[in-house]
Amino acid sequence: MPIQDDRATEAADVLARAMADEPLSRWLLPDHDEFVAVHRRLFAALIRLALDEGHVDTWGDPMAGVAVWVRRPAIESGHRRSRPLGGSDAFPSHASARLERYATAIRLLRERARPDEHAYLDSIAVLPEFRRRGIASSLLDTGHAWADGEELPCALETETASNVAFYSQRGYVVVAEHVLPGSGLTITSMRRTVLGA
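Before going into details, it helps to say that this report is about the structure given with it. Computed from a prediction, not measured in an experiment: that's the story for all the values here.

1. Overview of the overall build of the chain
Point 1. Secondary structure assignment for the chain yields six helices and six strands.
Point 2. Listed by position from the N terminus, the elements making up the chain come as α-α-α-β-β-α-β-α-β-α-β-β.
Point 3. Taken over C-alpha atoms, the radius of gyration comes to 16 Å for the chain, in line with the 16 Å a tight globule of 197 residues would show.
Point 4. When its C-alpha atoms are laid out on the principal axes, the chain stretches across 45 × 40 × 35 Å.
Point 5. Looking at the chain alone, contacts between residues at least 24 apart form 73% of all its contacts between residues at least 6 apart.
Point 6. With the model as given, the accessible surface of the chain reaches about 9,700 Å², and the carbon-plus-sulfur share is 51%.

Structure (structure tokens):
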């Protein structure tokens, strides 16, 4: 179900806790508690941005899953986000080099794989104790319905083979990959066309 701004903090907490043990998360900030603390604030800002410029869905009450979509303009439009997300200044200094490597990789992938206007799946996560119940698929279906209604293709990046397989089964194709230096991770950019286009 869509949320209002007053539940952004709750949704941010779910995302931070659900994503803390992901491979990219462990590489960026290996300390679980530090990752959760830093990302609660970052995800809250992202969710508020998406409430203005995209779409946010949640599952459950209490909340157990969240998907955050941001409408991204074409690169050539020169449009900037209306609100900064807190970025590197919210990140601990000991992780700033890793964050910059990741940000550079995402910029390169955006130029190669998603330079056009699109609905970007910035974050989707389900708390571990609720996984394998179809919640992520349900959240994805709702986001796809929103994106299709806006006549926008969907795009995302992921770092695991299991996620590539998950998204491939839901209409996404791999369009680019980038090895993240010093991480052992490959970031995969995937796209889905507008249904019925």
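Text resumes after the structure shown.
2. Observations regarding the packing of aromatic side chains
Point 1. Throughout the structure, instances matching the rule amount to three aromatic pairs.
Point 2. Between the NZ or CZ atom of Arg114 and the centre of the ring of Tyr120, over which it lies, the distance is 3.8 Å.

3. What to know about the pairing of strand β3 (residues 118–126)
Point 1. Burial within β3 is extensive, with eight of its nine residues counted as buried.
Point 2. Across eight bridges, the pairing between strand β2 (residues 65–72) and β3 is antiparallel. Directly across from Arg72, in β3, lies its bridge partner His118.
Point 3. As defined by bridge partners, β3 adjoins strand β4 (residues 154–158) across two bridges and the pair is classed as parallel. Residue Tyr120 lies in a different strand from β4, and its bridge partner there is Ala155.
Point 4. Regarding topology, helix α5 (residues 135–149) serves as the crossover connection from β3 to the parallel β4, and that connection is right-handed.

4. Let's talk about the nonpolar core
Point 1. Core analysis: the largest hydrophobic core is formed by 43 residues, its most contacted members being Leu15, Ile47, Val66, Val68, Phe91 and Tyr102.
Point 2. Put simply, the parts of the chain that give this core at least two residues each are α1 (8–19), α2 (23–28), α3 (32–53), β2, α4 (96–113), β5 (173–180) and β6 (185–192).
Point 3. In terms of residue count, the dominant contributor to this core is α3 (10 residues).
Point 4. Grouped together as the second largest cluster of nonpolar side chains are 18 residues, Trp69, Ile124, Ile135 and Val164 included.

5. So, the packing of α1 against α3
Point 1. Where α1 meets α3, the axes come as close as 8 Å, and the angle between the chain directions of the two elements is 135°. Compared by their axis directions, α1 and α3 come out oblique. Our pair here, α1 against α3, has a crossing hand that is right-handed. Across the interface between the two elements, Ala8, Thr9, Ala11, Ala12, Asp13, Leu15, Ala16, Arg17 and Met19 of α1 pack against Phe35, Val36, His39, Arg40, Phe43, Ala44, Ile47 and Arg48 of α3.
Point 2. Class assignment of the residues belonging to the contact of α1 with α3 gives a composition of 11 nonpolar, two polar and four charged.

6. Side note on unusual backbone geometry
Point 1. A cis amide bond links Asp61 to the next residue, Pro62, at an omega of 10°.
Point 2. Structurally, Pro62 can be placed in the loop between β1 (54–59) and β2.
Point 3. Even without a glycine there, the phi angle at Arg132 is positive, about 65°.
Point 4. Looking at where Arg132 falls in the secondary structure, it is placed in the loop between β3 and α5.
Point 5. Classification of Arg132 as exposed rests on a relative accessible area of 87%.
Point 6. The backbone of Glu151 shows a phi angle near 60°, a positive value even though the residue is not glycine.

7. Notes on the environment of Trp59
Point 1. Its place among the elements puts Trp59 in strand β1.
Point 2. C-alpha of Trp59 to C-alpha of His144: the two residues are 85 residues apart in sequence and 15 Å apart in space.
Point 3. In contact with Trp59, other than residues within four places in its own chain, are Ala64, Gly65, Phe130, Ile135 and Leu139.

What counts and how
- Residues numbered from 1 in each chain as written.
- Predicted model: local features only at pLDDT ≥ 70, side-chain atom pairs only at ≥ 80, totals over all residues.
- Heavy atoms only, no water.
- Helix = DSSP H or I, 4+ residues; strand = E, 2+ residues; numbered from the N terminus.
- Rg over C-alpha atoms; globule rule 2.2 N^0.38 Å.
- Contact = heavy atoms within 4.5 Å.
- Areas by Shrake-Rupley, 256 points an atom, 1.4 Å probe, with all protein chains shown as cover.
- Phe/Tyr/Trp six-rings, centres within 6.5 Å; stacked < 30°, edge-to-face > 60°.
- Lys NZ or Arg CZ within 6 Å of the ring centre and 35° of its normal.
- Buried < 20%, exposed > 50% of the residue type's maximum accessible area, 1.4 Å probe, protein only.
- Pairing = 2+ DSSP bridges.
- Right-handed = clockwise from strand over helix to strand, strands pointing away.
- Core = buried A, V, L, I, M, F, W, Y, C linked by side-chain atoms within 4.5 Å.
- Axes fitted to C-alpha atoms, helices over the stretch in contact; angles between N-to-C directions.
- Parallel < 35°, antiparallel > 145°, perpendicular 65-115°, else oblique.
- Left-handed = near helix turned anticlockwise from the far one by under 90°.
- Nonpolar A, V, L, I, M, F, W, Y, C, P; charged D, E, K, R; others polar.

Everything listed is a geometric property; what it means functionally is a separate question.
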